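Inside the fold
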Amino acid sequence: MLNMLSKMASGQLSRAEALACSGCRHACHVMLYADTKSQLFGKIPIRHIILMQMRFDGLLGFPGGLVNPAEETLEAGLSRELSEELGVALPMSVEDHVVSCHAPASSPSSSRLITHFYVKKMEEEQIREVERAAASTATDHGQEVLGMVRVPLYTMKGGGGLASFLSHSFIGNARSQLVDSLLRLNLVAPEELHKALVHSVKTHMHTTEDLKAAIALTDARRKRF
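For clarity, every value in this text was computed on a predicted model and none was experimentally measured.

**Thoughts on the overall build of the protein**
Each helix and strand in the protein was counted, giving seven helices and 10 strands. In terms of overall size, the protein behaves like a compact globule, its C-alpha atoms giving a radius of gyration of 19 Å where 225 residues would be expected to give roughly 17 Å. With the C-alpha coordinates of the protein rotated into their principal frame, the extents come out at 55 × 50 × 40 Å. Residue burial in the protein is summarised as follows: out of 225 residues, 43% are buried. Contacts in the protein between residues far apart in sequence, at least 24 positions, make up 68% of those at least 6 positions apart. Just so you have it, the protein exposes about 12300 Å², and 57% of that area is on carbon and sulfur atoms. Both charge centroids of the protein, one from 24 positive and one from 24 negative side chains, sit 10 Å from each other.

**A few points about unusual backbone geometry**
Phi angles above zero are rare outside glycine, and F41 is one such case at about 60°. Mapping F41 onto the fold places it in the loop between β3 (39-40) and β4 (44-45). On the basis of relative accessibility, which here comes to 62%, the residue F41 falls in the exposed class. The backbone of R47 sits at a positive phi, close to 70°, despite the residue not being glycine. With respect to the helices and strands, the residue R47 is situated in the loop between β4 and β5 (48-55). Exposure remark for R47: the relative accessible area of 27% places this residue in the partly exposed category.

**Side note on the confidence of the model for the protein**
Note: predicted coordinates in regions of low pLDDT should not be interpreted at a detailed level. Here the protein averages 89 in pLDDT, while 91% of its residues score no lower than 70. In this model residues 1-10 is a low-confidence stretch, pLDDT under 50, and it forms 17 contacts with partners more than four residues away in sequence or in other chains.

**Section: the nonpolar core**
M31, I50, L162, L178 and L182 are the most contacted members of the largest nonpolar core, which has 25 residues in total. Sequence-distant contacts of M31, defined by excluding residues within four places in its chain, comprise I50, F62, F117, Y118, V119, K120, L178, S181, L185 and L187. Residues V30, L78, M122 and V130 belong to the second largest nonpolar core, which totals 20 residues.

**Some details on the state of the cysteines**
For the coordinates displayed, the defined rule picks out one disulfide. The disulfide partner of C21 is C24, and the gap between their sulfur atoms is 1.9 Å. For C24, a relative accessible area of 12% translates into the label buried. A disulfide-free cysteine, C28 has its sulfur positioned 12 Å from the sulfur of C101, the nearest such atom. Using a relative accessible area of 0% as the deciding quantity, one classes C28 as buried.

**Focus: the pattern of salt bridges**
Following the criterion strictly, the structure yields 11 salt bridges and no others. As a salt-bridge pair, R55 and D57 come within 2.6 Å of each other at their nearest N and O atoms. The exposure class assigned to D57 is partly exposed, which follows from its relative accessible area of 34%. Across the pair R80 and E81 runs a salt bridge whose closest N-O atoms are separated by 3.0 Å. Given a relative accessible area of 8%, E81 falls into the buried group. Here the salt bridges share partners, and the residues they tie into one network are E72, R80 and E81.

Conventions adopted
- Residues numbered from 1 in each chain as written.
- Predicted model: local features only at pLDDT ≥ 70, side-chain atom pairs only at ≥ 80, totals over all residues.
- Heavy atoms only, no water.
- Helix = DSSP H or I, 4+ residues; strand = E, 2+ residues; numbered from the N terminus.
- Rg over C-alpha atoms; globule rule 2.2 N^0.38 Å.
- Buried < 20%, exposed > 50% of the residue type's maximum accessible area, 1.4 Å probe, protein only.
- Contact = heavy atoms within 4.5 Å.
- Areas by Shrake-Rupley, 256 points an atom, 1.4 Å probe, with all protein chains shown as cover.
- Lys, Arg positive; Asp, Glu negative; His and termini not counted.
- Charge placed at Lys NZ, Arg CZ, Asp CG, Glu CD.
- pLDDT = per-residue confidence, 0-100.
- Core = buried A, V, L, I, M, F, W, Y, C linked by side-chain atoms within 4.5 Å.
- Disulfide = S-S within 2.5 Å.
- Salt bridge = Lys/Arg side-chain N within 4 Å of Asp/Glu carboxyl O.

As C-alpha cells, this is what we get:
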C-alpha cells in the first residue's frame, strides 16, 4: 500500500536504526488476528477477528506498551506487556515484527518515541482464550485497559461496521497501522476499505456537530447556576 503508507508518513526506520537511536523511548504493540467462518446475525460474514483495546485514556489502540531495549529485547518487552494487559503469556518473535517508526508528534509526550508494530496470526480459539483471560485474569483490566474490542470488517446498510469503527479516536498511529495491515494481509479489499474510510470522514463530521451541540447545552446549563 503505497510502500507502507508512504513509510508511515516518512517516519519509518529499520530495526537497527531504531535501536541505535540515542535517548529514544520505545513502545511495542501487536495486532492479534484470526480467520473465522462465523457470521453476524447468521448472514453477514465476519471473516477475520482482529483484537484492539479501549485504553484508559478513552482511545483505541493495540495491546502493548513501553519497553526498554537496554534491559530486554523488544519481543521480551512486548510479551511482558501482553501478559499484564491480556493475562496470557504470548511468545513474540522477530518474524512477527512489521515496522518501526517515529511516533506522530501529536503531543510533547510522543517526542523521541519510536513505535514497533507486530502482527501475529492465531487460531480462532486462541483469540477467544485471550479475550476471556483479558477480562478475568489480566492485571491491567479495568485500569490501563478498559476492555478488548473486535474490529468489525463488514459493512452494513448506512455505513455501519468498519466505517463507523474507523471514525473513532485512535492513539498515535494505531489507525494507520490497522489500515495498512488490512491491505497488506488482504483482510479487506482496497475498494471496500476506501469506501469505509470516506464514510468514516462523513461520520466524523457529523460527530463534530453533535459535540458542538453538546458543548452549547452544557454552556447553557452552566449559566443557569
